Amino acid sequence: MAPAAGAALRFLAASTGARSVVEIGTGCGASGLWLLRGMARDGILTTVDADAAHVDRARSVFTRAGFGVGRARLICGTAQEVLPRLADGGYDMVFVDADPVSYPDFLAEAMRLLRPGGMVVLHGILAGPAGPDGPLRVPDPAEAAVHGTVRAVREQEDLVPLLLPLGEGLLAAIRP
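Now for a quick tour of the structure. (Residues numbered from 1 in each chain as written. Predicted model: local features only at pLDDT ≥ 70, side-chain atom pairs only at ≥ 80, totals over all residues. Heavy atoms only, no water.)

**Here's the deal with the pattern of salt bridges**
Line of reasoning, step 1. For the coordinates displayed, the defined rule picks out 5 salt bridges.
Line of reasoning, step 2. A salt bridge links R112 to D88, with the nearest nitrogen and oxygen atoms 2.3 Å apart. In this pair, R112 sits in helix α5 (residues 103–113) while D88 sits in the loop between α4 (79–82) and β4 (91–96), placing the two residues 24 residues apart along the sequence.
Line of reasoning, step 3. Ionic contacts of the salt-bridge type, sharing partners, join the residues D88, E109 and R112 into one network. (Salt bridge = Lys/Arg side-chain N within 4 Å of Asp/Glu carboxyl O. Helix = DSSP H or I, 4+ residues; strand = E, 2+ residues; numbered from the N terminus.)

**Some thoughts on the sheet that holds strand β6 (residues 160–164)**
Line of reasoning, step 1. Spatially, 7 strands are ordered β3-β2-β1-β4-β5-β7-β6 in an open sheet, and the strand pairing comes out mixed. Edge positions in the sheet fall to β3 (72–76) and β6, since each has one partner strand and no second. Taking the axes of each pair of neighbouring strands and ignoring which way they run, one obtains an average angle of 15° across the sheet.
Line of reasoning, step 2. Across 5 bridges, the pairing between strand β1 (residues 20–24) and strand β2 (residues 44–49) is parallel. Pairing of E23 across the sheet is with T47, part of β2.
Line of reasoning, step 3. The strands touched by helix α6 (residues 141–155) are β5 (114–123), β6 and β7 (170–174); relative to β7, the strand with the most contacts, the crossing angle is about 30°. (Pairing = 2+ DSSP bridges. Axes fitted to C-alpha atoms, helices over the stretch in contact; angles between N-to-C directions. Contact = heavy atoms within 4.5 Å.)

**Focus: the environment of M93**
Line of reasoning, step 1. Relative to the helices and strands, M93 is located in strand β4.
Line of reasoning, step 2. Apart from the residues within four sequence positions on either side, M93 is in contact with L9, L12, A13, S20, V21, V22, L35, L114, M119 and V121.

**A few points about α6**
Line of reasoning, step 1. Its 15 residues give α6 an end-to-end C-alpha distance of 21 Å, which sits within 8% of 21 Å, the value for a rise of 1.5 Å per residue.
Line of reasoning, step 2. Next to the buried residues of α6 lie α5, β5, β6 and β7.
Line of reasoning, step 3. Taking the backbone nitrogen of A142 as reference, a side-chain oxygen 3.2 Å away marks D140 as the first, capping residue of α6. (Expected span 1.5 Å × (residues − 1). Polar contact = N/O pair within 3.5 Å; in protein donor to acceptor, adjacent residues only side chain to side chain.)

**Section: the pairing of β5**
Line of reasoning, step 1. Taking burial as the measure, the 10 residues of β5 include 7 buried ones, the bulk of the element.
Line of reasoning, step 2. One ladder, built from 5 bridges, connects β4 with β5; its direction is parallel. Its bridge partner being in β5, F95 is matched across the sheet by V121.
Line of reasoning, step 3. The β-α-β motif built from β4, the intervening α5 and the parallel element β5 has right-handed crossover chirality. (Buried < 20%, exposed > 50% of the residue type's maximum accessible area, 1.4 Å probe, protein only. Right-handed = clockwise from strand over helix to strand, strands pointing away.)

**Some points on helix α3 (residues 52–64)**
Residues spaced three or four apart along an α-helix point in a common direction, a consequence of the helix completing one turn every 3.6 residues.
Line of reasoning, step 1. The first and last C-alpha atoms of α3 sit 18 Å apart over 13 residues, in line with the 18 Å expected at 1.5 Å per residue.
Line of reasoning, step 2. Here α3 has its buried residues at V55, A58, V61 and F62. Along the axis of α3, the buried residues cluster in a sector spanning 125°; they form a single face. Along α3, exposed side chains directed more than 90 degrees from the buried face belong to T63 and R64.
Line of reasoning, step 3. On its buried side, α3 packs onto α2 (30–38), β2 and β3.
Line of reasoning, step 4. Between the side-chain oxygen at the start of α3 and the backbone nitrogen of A53 there is a gap of 2.8 Å, and the oxygen is on D51.
Line of reasoning, step 5. Of the residues one or two after α3, G66 is the one with positive phi, at around 95°. (Arc of directions from axis to C-beta.)

See below:
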């Protein structure tokens, strides 16, 4: 994650007073660190990744950064398996940085998980196409899913969206 995008993520977590955050796509733990730094001191980050090596690496990163065991709940499993087990309306923020093909499903889950006033943030919204652009180019499934998700956020009357053109792009939307 680009430092500017990470700083924005920290800001967004702080601006909501986030105490309970879900991260879909743990990766190496960089975005989780930004989130933890912006969250309330007693906040808990729940981060989900299907790759056990990512989960172990992030656990180590969080510990080295001074975040105690109780600050992050790291779950190894697919988001499709884990998210349905999380409490409806129990989260202040949902951050998505995972397989773009699944963004429409992740948006639906985020809407279920968020409390009123909560925020969903999607990463990689401005990532460009893999090949040259042109009138005959057909978008790949990931690109089509991201475009569809952006359109869905824009069209939902129960969301207030903001596109942040930082790094690969962040799309943040508050559920009033």
